[in-house]
Amino acid sequence: MSEHVTNWAGNIVFGAKELHRPTSVDQIQELVAAGGPLRVLGSGHSFNRMADTEGGLISLGGLPRTVEVAADRRSVRIDGGIKYGELAVALDEAGLAVPNMASLPHISVAGAVQTATHGSGIRNANLAASVSGLELIDGTGRRVVLTRADADLLGAVVGLGAPGIVTALTLDVVPAFELRQYVYDDVPRASIESSLPKMLADGYSVSLFTDWTGLDANMAWLKRASELTGDWYGARRADGPRHPVPGMPPANSTDQSGEPGAWHTRLPHFRMEFTPSAGEELQSEWHVPAADALAAIDAVASVRERITPVLQVCEIRGIAADELWLSPNYHRESVALHFTWIADTDAVLPVVAQVEERLAHLHPRPHWGKVFTTAPATLAAEYEKFGDFKELVSRYDPAGTFRNPWLDMILGR
């Protein structure tokens, strides 16, 4: 491959021989028919080698943009290359919205749902839970259409790119809505101990941020429909806009004035018009049962002296349960601890392993697209439907067209 292609963070240099940019589903089918190995590259916001391959890498960014609102205005069909920011603008113009968004609006929808990426809010499931239909090209080149009437949909939505190449999705939508965003500084540890479930429920979306230099949280970001005045659980209203990472300029963060604004201008932490450059960071995230959230915070705090030298910021969020086989939120309400590390793999990996060791008794499930060291057997044991997923993959990709060393490690041969 003549191009030097990396992921967004730059910590992964892809080993593909070719980079394909098909402009139609027919071209994708031709590529699959020619044989693998093949992997799909979304927007590059994964931090491990799940998208890597020694064969051909496929970008879906060249597919024609598709935003087709159903006649009943309850769903939208989109192409496999569209990003959330693009979709959000089109939906809002139609008076509609997706129920939630991730921190960055620049990620591809297909890549986000295939990895169970999420936003925040204890009443909001991860983004993949909004998928009501999926169209993919399987390992034989066949076009497969799945709906909620098909049992395989629950396995294929969070599919890690293993069942096939997602060429289109149908998503649930809701009427467009407005939210206000507030940021509060210095959330006391005592409030977290006594009121964490209430805190995480006090808004459409709530995030706590900490750098683990102390036991208090640095900030709380609240996205709410109703106005908020005064202090918040002992924290004071920020005296100006903030960036999630302490010390970084806040100009690219979304509006924090408390004034109401369109859903897609408040739900992400970062503005859509800001295109992030290569991120000087690594990321990890673990989901634990919501009932164990405080225990997980305590477990992490016990090794904070190891964490702080390699950490930029940690975000704590609640996510609702879902039915998707490989979702970290499968059948359990969860709290996720998301770590944005410095861009030093050698320094970060030992700390990742130690965090995993401290969380192990709480059955953590890592985000599939981020940095983790959990043993494959341990991962498999955390997912009731893991065996069913492997069987689904063998049916949709019998020759292993979409396999790579990362998937072989996760699923076994």
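What you are looking at is a predicted structure, and each value in this text was computed from that prediction instead of being measured.

Draft legend 1. Spatial organisation of the sheet that holds strand 8 (residues 143-147). Taken together, five strands build an open sheet; the order of strands is 4-5-9-7-8 and the sheet is antiparallel. A strand with exactly one partner marks an edge of an open sheet, and here the two such strands are strand 4 (67-69) and strand 8. Taken over all neighbouring pairs, the strand axes of this sheet differ in orientation by 20° on average, direction set aside. Strand contacts of helix 2 (residues 84-93): strand 4, strand 5 (75-79) and strand 9 (164-172), with the helix running at about 35° to strand 4, the strand carrying the most contacts.

Draft legend 2. Summary view of unusual backbone geometry. Of note, the amide linkage connecting Gly36 to Pro37 takes the cis form, showing an omega dihedral of 0°. Within the fold, Pro37 resides in the loop between helix 1 (25-33) and strand 2 (38-41). Positive phi values are uncommon outside glycine, yet Asp186 reaches one of about 60°. By the element assignment, Asp186 lies in strand 11 (residues 178-187). You can call Asp186 partly exposed: its relative accessible area is 37%. With phi around 65°, Trp212 is a residue other than glycine that occupies positive phi space. Locating Trp212 in the fold gives a position in the loop between strand 12 (205-210) and strand 13 (217-224). According to the relative accessible area criterion, Trp212 is buried, its value standing at 3%.

Draft legend 3. The packing of aromatic side chains, seen in detail. Here the structure, examined in full by the defined rule, presents ten aromatic pairs. What links up through ring pairs into an aromatic cluster is the set Phe177, Tyr204 and Trp263. Over the face of the ring belonging to Tyr383 we find Arg365, whose NZ or CZ atom lies 5.1 Å from the ring centre.

Draft legend 4. Broad picture of helix 6 (residues 293-301). Every buried residue of helix 6 is listed here: Ala293, Ala296, Ile297, Ala299, Val300 and Ala301. Buried-residue contacts for helix 6 involve helix 5 (189-200), strand 16 (282-289), helix 7 (304-307), strand 17 (311-319), strand 18 (334-341) and helix 8 (345-359).

Draft legend 5. Representation of the sheet that holds strand 1 (residues 18-20). With respect to topology, three strands assemble into an open sheet ordered 1-3-2, the strand pairing being parallel. Since the sheet does not close on itself, it has two edges, and those belong to strand 1 and strand 2, each with one partner. Pairwise comparison of adjacent strand axes, ignoring direction, gives a mean angle of 30° for this sheet. One ladder, built from three bridges, connects strand 1 with strand 3 (residues 56-59); its direction is parallel. The partner of Glu18 across the bridge, within strand 3, is Gly56.

Thresholds, definitions, all that
- Residues numbered from 1 in each chain as written.
- Predicted model: local features only at pLDDT ≥ 70, side-chain atom pairs only at ≥ 80, totals over all residues.
- Heavy atoms only, no water.
- Pairing = 2+ DSSP bridges.
- Helix = DSSP H or I, 4+ residues; strand = E, 2+ residues; numbered from the N terminus.
- Axes fitted to C-alpha atoms, helices over the stretch in contact; angles between N-to-C directions.
- Contact = heavy atoms within 4.5 Å.
- Buried < 20%, exposed > 50% of the residue type's maximum accessible area, 1.4 Å probe, protein only.
- Phe/Tyr/Trp six-rings, centres within 6.5 Å; stacked < 30°, edge-to-face > 60°.
- Lys NZ or Arg CZ within 6 Å of the ring centre and 35° of its normal.

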